[in-house]
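These are the residues of each chain, in order.
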Amino acid sequence: MKNRNLPNGTRDEFGVRAAIKETIASQLFTLFKQRGFAKLTTPILEYADVFKPLNLANYRPYQLLDEQGEALVLRPDLTLPVARMMSTTGIELPAKWYYSGDVFRVKKQLSGSYNQLTQAGIELVGYASLKGEWECLKIALAVCQQTGITDMTLELSDARFIEGVLQALPIPLPTKQALKKALFDKDLTRYNQLITPLTDTAFEAFLAEWPWLFGDFDSVMQVVGTLPEIATLKPVIDDLKATAGFIRTQSPDQQVVLDLSIPSPQSYYTGMAFRGYTQNAADYLFSGGRYDDLLTSFQQVKEPAVGLAFDVDALADRMPEPETPQQTLIYFEESQWQLAEQTLQTTPNSSLCLADSREEATRIAVSTNKQLLDLTESR
Ligand SMILES: N[C@@H](Cc1c[nH]c[nH+]1)C(=O)O
């Protein structure tokens, strides 16, 4: 019977898991509001065009048609709808938004991951300075602390780094493009072929290490230090160093890694990006970054912006099951509704038992491990 099955990659959520997600979401909302963010809600359905700036190889959306035959999608991302909304409403900038909702991404069959994920995030629109990145990071650290996740590794990267190095290399453009592809694919044979003409140049030492340019922040920065001076890279390196310093002052025990050999986590990032993960799990707890050009996909004027989204499912997976106190079931007769109501108010962790007979009430109490308070006995 097909109509009792769920589509691939979706699930029903109930009981403890649903409760944990609700608790996490409310903790996040409290923090966002405390820090001056205002709530924004956008529809689950959008025109497919909104998501053009996404790399759709990674974010294949569910598609459908509206009544005019226009292509609609279930949103695979929540940042692009915010950019769309900002461009149409003429809201004065700067603005700080928070949101939560489900995103839908069709994954490969049998990949074991879900196609519907709950995110909760923030977007800072109209803020050009590094303070925007730091506000996002401060919130990420606070959320991990509040939810008791002590083993989060923070990974920094920057969309400008790879472009900056490639630009400075004295090789033709098509070779640069091929080199980037070999680097991203970790195709070392091809990579080594392509860097051969740069042997004996000032880039030699750096290029030999580039495919492994990830790991401990300071070690990666040491390799970066072997590069010759590149004017466009200086602000990128300075921002990354200042940010690592900021994290150390805010959270001295935080592990920070740097990856300068990967594509940016989102194709729309234009600057620094950050993600948090824990060992032995493939999913990220949060992911964010700067996207100063995104609004130009919807309007003429460019606006600086930076944001971050938490994966509420990933956070929930790492939360211990909450301990629930002993629950009491209040059994009563219809004529005793008032008494039952009073007892409900005065008995902690109690709920009304709506069963019709004492036998049924006892059965429910036993099967759900609750204590039965029988008001009919006192009659
Ligand atoms: N939308 C991004 C996260 C983000 C929010 N703001 C900026 N980046 C993601 O899903 O990975």
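Calculation rules
Residues numbered from 1 in each chain as written. Predicted model: local features only at pLDDT ≥ 70, side-chain atom pairs only at ≥ 80, totals over all residues. Heavy atoms only, no water. UniProt positions renumbered as here; feature names shortened; annotations may be inferred. Helix = DSSP H or I, 4+ residues; strand = E, 2+ residues; numbered from the N terminus. Contact = heavy atoms within 4.5 Å. Axes fitted to C-alpha atoms, helices over the stretch in contact; angles between N-to-C directions. Left-handed = near helix turned anticlockwise from the far one by under 90°. Nonpolar A, V, L, I, M, F, W, Y, C, P; charged D, E, K, R; others polar. Near = heavy atom within 4 Å. Polar contact = N/O pair within 3.5 Å; in protein donor to acceptor, adjacent residues only side chain to side chain. Areas by Shrake-Rupley, 256 points an atom, 1.4 Å probe, with all protein chains shown as cover. Parallel < 35°, antiparallel > 145°, perpendicular 65-115°, else oblique.

Focus on the UniProt feature "binding site: L-histidine" (unreviewed entry) in the protein chain
Sequence positions flagged by UniProt for "binding site: L-histidine" (unreviewed entry) are, in local numbering, Asp77, Leu78, Thr79, Arg105, Gln119, Glu123, Tyr268 and Tyr269. With respect to the helices, strands and loops of the structure, Leu78 is situated in the loop between strand 4 (71-74) and helix 2 (79-89). Once you skip the residues sitting within four places of it in the chain, Leu78 turns out to touch Thr42, Tyr99, Gly101, Val103 and Gln119. Among the secondary structure elements, Gln119 is positioned in strand 6 (residues 116-125). For Gln119, the contacting residues outside a window of four places in its chain are Leu78, Tyr99, Ser100, Gly101, Val103, Arg105, Ala309, Phe310 and Val312.

Things to note about the packing of helix 3 (residues 130-146) against helix 9 (residues 234-250)
Put simply, helix 3 and helix 9 touch, their axes get as near as 11 Å, and they point 35 degrees apart. Relative to helix 9, helix 3 is oriented so that their crossing is right-handed. Residues Leu130, Trp134, Leu137, Lys138 and Leu141 of helix 3 form the contact with helix 9, whose participating residues are Asp239, Ala242, Thr243, Phe246, Ile247 and Gln250. Across the contact of helix 3 with helix 9, the residue classes break down as seven nonpolar, two polar and two charged.

Remarks on the site of the ligand
In the vicinity of the ligand there are 16 residues, among which Asp77, Thr79, Glu123, Gln266 and Tyr269 approach most closely. For the ligand, a nitrogen atom lies 2.9 Å from a polar atom in the side chain of Asp77. Between the ligand and the protein, one listed contact pairs a nitrogen atom with a side-chain N or O atom of Tyr268 at 3.0 Å. Within the complex, 97% of the 300 Å² of free accessible area of the ligand lies under protein. Going through the elements one at a time, strand 6, strand 11 (286-290) and strand 12 (305-311) are the ones with two or more residues in the shell around the ligand. Here the residues of the shell around the ligand are counted per class, giving six nonpolar, seven polar and three charged.

Some points on the packing of helix 4 (residues 159-168) against helix 5 (residues 173-185)
Running from amino to carboxyl end, helix 4 crosses helix 5 at an angle of 140 degrees, the nearest separation of the two axes being 10 Å. Taken together, the axes of helix 4 and helix 5 are oblique relative to one another. Our pair here, helix 4 against helix 5, has a crossing hand that is right-handed. Residues Ile162, Glu163, Leu166 and Gln167 of helix 4 form the contact with helix 5, whose participating residues are Lys176, Leu179, Lys180, Leu183 and Phe184. Its residues assigned to classes, the contact of helix 4 with helix 5 comprises five nonpolar, one polar and three charged.

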